[in-house]
Amino acid sequence: MIFYVLLTYGIRPTRAIKSHPAAKAQLALIDRVVSLNPQIKPEVVFDYARSVKGLRSLPRLANVLARLQGFDGPKLLLDDLSRLFRIAELRDRERLLKELQVYGSFLFSLKHQKTLSEFSTNEIHNLILHAEKSKSPAQQQRAGDTANARAASINSRKGRSIAVARQLQALKNELLQREVPAVNQNVADEANARGIRTTRGGKWTAQNVDRMLKSLERVSVEFVSGQDHARDQ
């Protein structure tokens, strides 16, 4: 399997590109693809270009495409086909597209999960006019990972908050059984005496006890409402 990497900034590499800053995200994506498909024996081909006038500006890409033409060989994979157009002037993009479409069945964009020959009219339009807006799969993966981590963190905090609120509710119920006025200040004093801390490690006051118990009430209402909705479906 042949992977193509385009370097558009930094120094011109003389040999390996593993440590080149413009290659890192693209190579990381290649590593992920290979890790999911261990039978693949990757061949990495790269060009270095600050601007693209046409396929002649990408000599190694042109050479590989010529090698692939005429037989059912491996496809040429790159992270995002839009990458080839981003550093081309608008007037040069149409020329580049026509040159690449000759090899459209070989050029596979991982971002789009299809070859150039399978691109829709709208996707072709975006290559010409909106290439700069396209994010690479590596960027999308990082964004997705960040969003997932953020969601997991929020869920974790919410879970801890509910657990602490239930502790406070249990204390309040205990005070009632002991016929002690179960006002928020008494609940706070009892929680502090037992070493129960807020989710931020602080001490309890009547005010934050009130907030926590009300939040527990809301969770209970949402749970009951959800069950009622499920029964109605």
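Since the structure is predicted, the reported quantities are computational estimates derived from the model, not experimental observations.

Conventions we followed
- Residues numbered from 1 in each chain as written.
- Predicted model: local features only at pLDDT ≥ 70, side-chain atom pairs only at ≥ 80, totals over all residues.
- Heavy atoms only, no water.
- Helix = DSSP H or I, 4+ residues; strand = E, 2+ residues; numbered from the N terminus.
- Buried < 20%, exposed > 50% of the residue type's maximum accessible area, 1.4 Å probe, protein only.
- Contact = heavy atoms within 4.5 Å.
- Areas by Shrake-Rupley, 256 points an atom, 1.4 Å probe, with all protein chains shown as cover.
- Expected span 1.5 Å × (residues − 1).
- Arc of directions from axis to C-beta.
- Core = buried A, V, L, I, M, F, W, Y, C linked by side-chain atoms within 4.5 Å.
- Pairing = 2+ DSSP bridges.
- Right-handed = clockwise from strand over helix to strand, strands pointing away.
- Salt bridge = Lys/Arg side-chain N within 4 Å of Asp/Glu carboxyl O.

Engineer: An account of the overall build of the protein is needed here, citing residue identities and associated values.
Structural biologist: Scanning the protein from N- to C-terminus turns up eight helices and five strands. Per-residue burial over the protein gives 39% buried out of 233 residues. Contacts spanning at least 24 positions in sequence make up 63% of the contacts within the protein whose residues lie at least 6 apart. Total accessible area computed for the protein in this model is approximately 14,200 Å², and 51% of it derives from carbon and sulfur atoms.

Engineer: Can you lay out helix 1 (residues 24-36) for me, pointing to particular residues and giving the numbers?
Structural biologist: For helix 1, built from 13 residues, the straight-helix expectation of 18 Å at 1.5 Å per residue is met to within 8% by its first-to-last C-alpha distance of 19 Å. Every buried residue of helix 1 is listed here: Gln26, Leu27, Leu29, Ile30, Val33 and Val34. What you see down the axis of helix 1 is that its buried residues fit within an arc of 155 degrees, all on one side. For helix 1, the exposed residues set more than 90 degrees away from the buried face come down to Lys24, Asp31, Ser35 and Leu36.

Engineer: Give me the nonpolar core: which residues, what numbers.
Structural biologist: Core analysis: the largest hydrophobic core is formed by 30 residues, its most contacted members being Leu61, Leu84, Phe85 and Leu100. Looking at this core, the elements with two or more residues in it are strand 1 (2-7), helix 2 (59-68), strand 3 (76-78), helix 3 (83-86), helix 4 (90-101) and helix 5 (121-129). It is helix 2 that contributes the most residues to this core, four residues altogether. Setting aside residues no more than four positions away along its own chain, leucine 61 makes contact with Tyr4, Asp47, Leu55, Leu76, Leu84, Leu100 and Leu107. The next biggest cluster of nonpolar side chains, apart from the first, holds 17 residues, and it includes Ile30, Val34, Phe46 and Leu77.

Engineer: Describe the pairing of strand 2 (residues 43-48), listing the residues and the values that go with them.
Structural biologist: Sheet faces and side chains relate simply in a regular strand, where the side chains alternate between the two faces. Pairing of strand 1 with strand 2 involves six bridges; the strand directions are parallel. Residue pairing across strands places leucine 7 opposite tyrosine 48, the latter belonging to strand 2. Running through helix 1, the crossover from strand 1 to the neighbouring parallel element strand 2 is right-handed.

Engineer: How would you summarise the pattern of salt bridges if you had to cite specific residues and measurements?
Structural biologist: Evaluation of the coordinates by the stated rule reveals eleven salt bridges. Measuring nitrogen to oxygen at the nearest pair gives 3.6 Å for the salt bridge that ties glutamate 43 to arginine 67. Note that glutamate 43 is positioned in strand 2 and arginine 67 in helix 2, a separation of 24 residues in sequence. Residue glutamate 43 is classed as partly exposed on the basis of its relative accessible area, which comes to 33%. Its salt-bridge partner being arginine 95, residue aspartate 92 comes within 3.0 Å of it at the nearest N-O pair. Of this pair, aspartate 92 and arginine 95 both sit in helix 4, three residues apart, which is roughly one turn of that helix. Overall, aspartate 92 belongs to the buried group, its relative accessible area being 4%. For arginine 95, a relative accessible area of 37% gives the class partly exposed. Taken together, the shared-partner salt bridges connect Glu174, Arg178, Glu190 and Arg194 into one network.

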